[in-house]
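Structural overview for review
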Amino acid sequence: MNNSIVLSGNIQFLKLGELLQLLGANGSTGILRIISNYSEIPGLIYILKGNPVNATAGELTGLDAVYSLFGWVDGRFEFSNETFDAKHNIKKSRMEIILEGIRMLDNGVTDRIGPVTFVKDKSKTTGIETTIPVIKGPLIDYTYVVDEEDYHDNETIVMQGKHGAWVWIILGGTVEIRKESSKGQVSICRIGAGSFIGSMASFIIQGSVRNTTAVAISDVQLGVLDLQRLSREYAHLSSGFQEIVISLDNRLNQGAIRIVDIESKKTIPNDFMAGKEPFIKQGSSKSEIYKIEQGKANIVRSENNNSILLGRLEEGDFIGNIPFLNIGHEPDSAAVYGSEDFDTVEISIEELQSEYNRLSPTLKNMIANNANLISATTTMACELFGVAKRKKTIKNK
Amino acid sequence: MAVFNIKKREIECKIVYYGPGRCGKTTNLEYIFKSHKKQIDGEMVSINTEGDRTLFFDFLPLELGKIKGCDVRVQLFTVPGQVQYSSTRKLVLKGVDGIVFVADSMEVRREKNMLSLKDLQHNLKEYNMNIFKIPLVLQYNKRDLAEEGIPIMSIEKMEKDLNRQIKVPSFPGSAVKGDGIGKSLQSCLQLTLQYLNKQLNWTK
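Residues numbered from 1 in each chain as written. Chains lettered and ligands numbered in written order. Predicted model: local features only at pLDDT ≥ 70, side-chain atom pairs only at ≥ 80, totals over all residues.

So, the overall build of chain B
Assigned secondary structure in chain B consists of 5 helices and 8 strands. In sequence order, chain B lays out its α and β elements as β-β-α-β-β-β-α-β-α-β-α-β-α. Burial statistics for chain B: of 204 residues in total, 40% are counted as buried. Here the contacts in chain B between residues at least 6 apart in sequence split such that 70% fall between residues at least 24 apart. (Helix = DSSP H or I, 4+ residues; strand = E, 2+ residues; numbered from the N terminus. Buried ≥ 20, exposed ≤ 12 C-beta atoms within 10 Å, placed from the backbone. Contact = placed C-beta atoms within 7 Å.)

Notes on the interface of chain B and chain A
The interface of chain B with chain A comprises 16 residues on the first partner and 13 residues on the second. For the side of chain B that touches chain A, the elements supplying multiple residues, two or more each, are β1 (3–5), β3 (45–49), β4 (52–59) and α2 (86–93) of chain B. Split into classes, the residues belonging to the side of chain B that touches chain A amount to 6 nonpolar, 8 polar and 2 charged. (Nonpolar A, V, L, I, M, F, W, Y, C, P; charged D, E, K, R; others polar.)

Points about the sheet that holds strand β16 (residues 220–225) of chain A
Residues and elements named next belong to chain A. The sheet built from 4 strands is open, its strands ordered β9-β16-β11-β14 with antiparallel pairing. Every other strand in the sheet has two partners, leaving β9 (145–151) and β14 (196–197) as the edge strands with one partner each. Of the strand pairs in this sheet, β9 and β16 are connected by 6 bridges, and their pairing is antiparallel. Paired with Val145 across the bridge in β16 is Leu225. (Pairing = 2+ DSSP bridges.)

Let's talk about the environment of Asp341 of chain A
All names here are of chain A. Among the secondary structure elements, Asp341 is positioned in the loop between β21 (335–338) and β22 (343–347). Distance from Asp341 to Lys296, taken between C-alpha atoms, is 8.0 Å for residues 45 residues apart in sequence. Apart from the residues within four sequence positions on either side, Asp341 is in contact with Gln294 and Gly295.

Some details on the sheet that holds strand β1 (residues 5–10) of chain A
All names here are of chain A. Spatially, β1-β6-β2-β3-β4-β5 is the arrangement adopted by the 6 strands of the open sheet, whose pairing is antiparallel. Looking at the sheet topology across the chains shown, the edges are occupied by β1 and β5 (60–61). Alignment of strand β4 (residues 51–57) against β5, held across 2 bridges, turns out to be antiparallel. If you follow Ala57 over to β5, its bridge partner there is Leu60.

Quick look at the pairing of strand β11 (residues 168–172) of chain A
Note: β11 of chain A against β14 of chain A, 2 bridges, orientation antiparallel. In the strand pairing of β14 of chain A, Ile169 of chain A is matched with Phe196 of chain A.

Thoughts on helix α5 (residues 181–199) of chain B
With 19 residues, α5 of chain B should cover 27 Å at 1.5 Å per step; its first-to-last C-alpha distance of 27 Å lies within 8% of that length. Buried residues in α5 of chain B make contact with β2 (10–18), α1 (25–35), β5 (71–78), β6 (98–104), β7 (136–141) and β8 (170–172) of chain B. (Expected span 1.5 Å × (residues − 1).)

Some remarks on the nonpolar core
Note that soluble globular proteins tend to have their nonpolar side chains buried in a common cluster. Judged by nonpolar contacts, the single largest core of 79 residues is most densely connected at Leu69 of chain A together with Val16, Val100 and Phe101 of chain B. Leave out the neighbours within four places in its chain, and Leu69 of chain A touches Leu16, Ile34, Gly43, Ile45, Ala55 and Ala57 of chain A. Formed by 65 residues, the second largest nonpolar core is a distinct cluster that contains Ile177, Phe196, Ile257 and Leu309 of chain A. (Core = buried A, V, L, I, M, F, W, Y, C linked by C-beta atoms within 7 Å.)

Here we look at the packing of helix α3 (residues 94–107) of chain A against α2 of chain B
Look at α3 of chain A against α2 of chain B: their axes get within 7 Å of each other, and the N-to-C directions meet at 145°. Counted together, Leu99, Ile102, Arg103, Leu105 and Asp106 of chain A of α3 of chain A and Ser86, Ser87, Thr88 and Leu91 of chain B of α2 of chain B form the full contact between these two elements. Here the contact of α3 of chain A with α2 of chain B is built from residues that sort into 4 nonpolar, 3 polar and 2 charged. (Axes fitted to C-alpha atoms, helices over the stretch in contact; angles between N-to-C directions.)

Some words on the pairing of β16 of chain A
Bridge count between β11 of chain A and β16 of chain A: 4 bridges; the pairing is antiparallel. Its bridge partner being in β16 of chain A, Ile170 of chain A is matched across the sheet by Leu222 of chain A.

Written out as structure tokens, the structure reads:
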């Protein structure tokens, strides 16, 4: 670590606009580095007495680079207090840059660089425009890639219901994840470079059954992962951590099933919910994590006056706040309702956190990717739910 | 919350002009910029957003003098009204110290005014601020339109619509002519400083 770093943190917490205001008010001189998992080279902004004078981001330099950095919404920043010799090619005032930068972000001129990008898509089944998220992963750790494979556009990579334990990482191209339903295939989400194909359940059950179908929707390059090495690593984890990994997988699968349910207009009774207080309230600041010992739990998101069931968890699953992951569920964005015989036991967060910190980058990426997928399928399910409801009201009128 | 710049010995506070689209926020600021040239160091930053403009400049209200040996610098902002500019609105409203709510006197804009005020309350709430506590003044803009025969609402009606609950100072205005502009800003500044004094326990 460089000793001259005087300020560092999470860019999601302190956004670039606010950061530039802060450094500006302080009249600081130095280099602001923005580090994103989704870019190999950090973005740099050179700041002289509080004013940005030059910047680089990928191939861009100067003002264009600063504007593009507003799109780096996920990552870290570091400010080092140092003198530099960079050309002064930004003449605009600080506030003008900030306002223009966020305007371009709001207008969609600047691309958001993060785990999820959204593609506008006219859904064939509904005719109402929905957005299909494309989930990307962070940079690829090639030490785990043992072989490369190419798939052509429209080729099926894995098929739901078939046995198989290979796990791939996408090196290039886009893959669509689909699930079979009574009314044909339903698209769940799209994944791009850095995302994984194959569930983490592959580590425990050799030859497990595929939950979904993965189809290449462009020419795709895949890296076959060293499954033995990953399985070995997985086997060395504590049993508690292993269970969390599997539970996350289950939750993702539940999300995919919900999308199919909503698409095929199947309604699930919200039993054991009516009139009951939730075990975890949506928006509460509860930071504990629990394992379900007995009974069932419904994960429910309330949005625009709708209560949307996101999944049903059972004995052995985990609920609550997983500190190192953002799955977009409870406690911030969903509530948990327990059944009559519901019982839980609290799990120590510290141990989980320290175990997570010791994971290899690839396993860490896999888990984080899984969390992003959960969050994206949830968004998708809620959006579809809203669309279905709107259509229903139109019909009724 | 105002920012104390220790290096420059300045207190920086932020006043935001809020209101429905095309109600005259930008015209308000443009008028202030023109008429108070001497008190403004630096340029007016104008960002074109679809159908509206976001303005920003620094303003030094000379008549207020120093507080505890610090100069007071006021940053004046407008917010873009359109829904899509949520990041911009959020950044602009963050740490706001005082608000001038510009309402449109035209009959046809009656509902827009109320919606915008509600939106303000909602946005403030996200920052844990309360519309009943934050320094706020209302300006009933476009009074001059009456002369041109365009139907406008009476002051009483607007008071009832917008000011029944919040009960803040209100001023008729005409941003185009410059009437009432200075008054509403001054009143907002006064309230803001009183509020800061109270918050910081600087008894006069």
